[in-house]
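# A look at the structure
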Amino acid sequence: AERAWAYYMQLKVEAKSDRTGNCMKHHSVGRLRKATQHAEAFRALVTAEGLCDERTALEAAAYAAWIRATLQQELQQWQPSMEAFSEAKLIYDRLGSACSAANRALYAERVDEIDANVRYCNFMLGGSDADLTAFLAATEKLRARGGQTEALMQRLEDARFAHDRNSDAPSLSE
């Protein structure tokens, strides 16, 4: 997925500087589709088989949503792109709140990048800031109602709570 995405980025830059931009743009979108397929396959493998911990499964889900949103944005499918970016943002935001301070900055940076894309999609849809706020609130409610991602987030928070409790235990006994 990363190799296909990197090649997409290279082709996108070359298409801007080349006179044969349409051919390059079409090829770059093809590579982005391939990256999306690989990311979705990885997400499905990680979440279905239970091969790794909740944090890794959530990171795979967020990455797949981000890649999918990037493809939809490239295809100018603004509403689905905004929804997928919002899903990725929500997961990265929750991951940031459930991890150590060292990783929190990385997740916050990712959330800021996604925020800019969500605002751009909203602008292309002709929406206002109020529309964007209402959309994000509705997305949060939808995610809170359930689903596999929400269950993983809950298990991650439970594991973090148990880890915090266990790490505090030795200091209490001294």
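Residues numbered from 1 in each chain as written. Predicted model: local features only at pLDDT ≥ 70, side-chain atom pairs only at ≥ 80, totals over all residues. Heavy atoms only, no water.

## A look at the overall build of the protein chain
- A tally of regular secondary structure across the protein chain gives seven helices and zero strands.
- Start at the N end of the protein chain and walk to the C end: the helices and strands fall as α-α-α-α-α-α-α.
- In the protein chain, of all internal contacts separated by at least 6 residues, the share reaching a separation of at least 24 is 65%.
- Summed over its atoms, the accessible surface of the protein chain is roughly 10,400 Å², and 54% of this surface lies on carbon and sulfur atoms. (Helix = DSSP H or I, 4+ residues; strand = E, 2+ residues; numbered from the N terminus. Contact = heavy atoms within 4.5 Å. Areas by Shrake-Rupley, 256 points an atom, 1.4 Å probe, with all protein chains shown as cover.)

## Considerations on the nonpolar core
- By size, the foremost hydrophobic cluster in this structure holds 26 residues, and its most contacted members are W66, F85, Y92 and I114.
- Sorting elements by how many residues they give to this core places helix 3 (residues 54-74) first, with nine residues.
- The residues touching W66, leaving out its near neighbours within four places in the chain, are W5, F85, A88, R110 and I114. (Core = buried A, V, L, I, M, F, W, Y, C linked by side-chain atoms within 4.5 Å. Buried < 20%, exposed > 50% of the residue type's maximum accessible area, 1.4 Å probe, protein only.)

## What to know about the layout of surface pockets
- One number sums up the size of the largest pocket: a volume of about 230 Å³.
- Surrounding the largest pocket, W5, Y8, M9, K12, W66, T70, Q73, E74, Q76, W78, N117 and Y120 form its lining.
- At the level of secondary structure, the elements contributing two or more residues to the lining of the largest pocket comprise helix 1 (2-17), helix 3 and helix 5 (101-124).
- Here the residues of the lining of the largest pocket are counted per class, giving six nonpolar, four polar and two charged. (1 Å grid on protein atoms, 1.4 Å probe; cavity = no way out; pocket = protein on both sides within 12 Å on 5 of 7 lines; lining within 4 Å. Points joined across faces, edges and corners; volume = space filled by probe spheres on them. Nonpolar A, V, L, I, M, F, W, Y, C, P; charged D, E, K, R; others polar.)

## Here's the deal with the environment of M124
- Relative to the elements of secondary structure, M124 occurs in helix 5.
- Through-space distance from the C-alpha of M124 to that of W78 is 6.9 Å; in sequence the pair is 46 residues apart.

## Quick notes on the packing of aromatic side chains
- One pass over the full model with this rule turns up three aromatic pairs.
- Look at Y63 and W66: their rings are 6.0 Å apart centre to centre, the planes differ by 35 degrees, and that puts the pair in the tilted class. Here the residue Y63 and the residue W66 both occupy positions in helix 3, the gap between them amounting to three residues, near one helical turn. Side by side, Y63 and W66 carry an identical accessibility label, which is buried.
- R110 extends its terminal NZ or CZ atom over the ring of W66, reaching a point 4.2 Å from the ring centre. (Phe/Tyr/Trp six-rings, centres within 6.5 Å; stacked < 30°, edge-to-face > 60°. Lys NZ or Arg CZ within 6 Å of the ring centre and 35° of its normal.)

## Regarding the environment of R94
- Within the secondary structure layout, R94 lies in helix 4 (residues 78-97).
- A relative accessible area of 19% means that R94 is categorised as buried.
- Separated by 10 residues in sequence, R94 and R104 have C-alpha atoms that sit 10.0 Å apart.

## Description of the pattern of salt bridges
- In total, this model carries six salt bridges according to the counting rule given.
- Across the salt bridge formed by E40 and R43, the nearest N and O atoms sit 3.1 Å from each other. With E40 and R43 both in helix 2 (residues 21-49), this residue pair falls three residues apart, about one helical turn. (Salt bridge = Lys/Arg side-chain N within 4 Å of Asp/Glu carboxyl O.)

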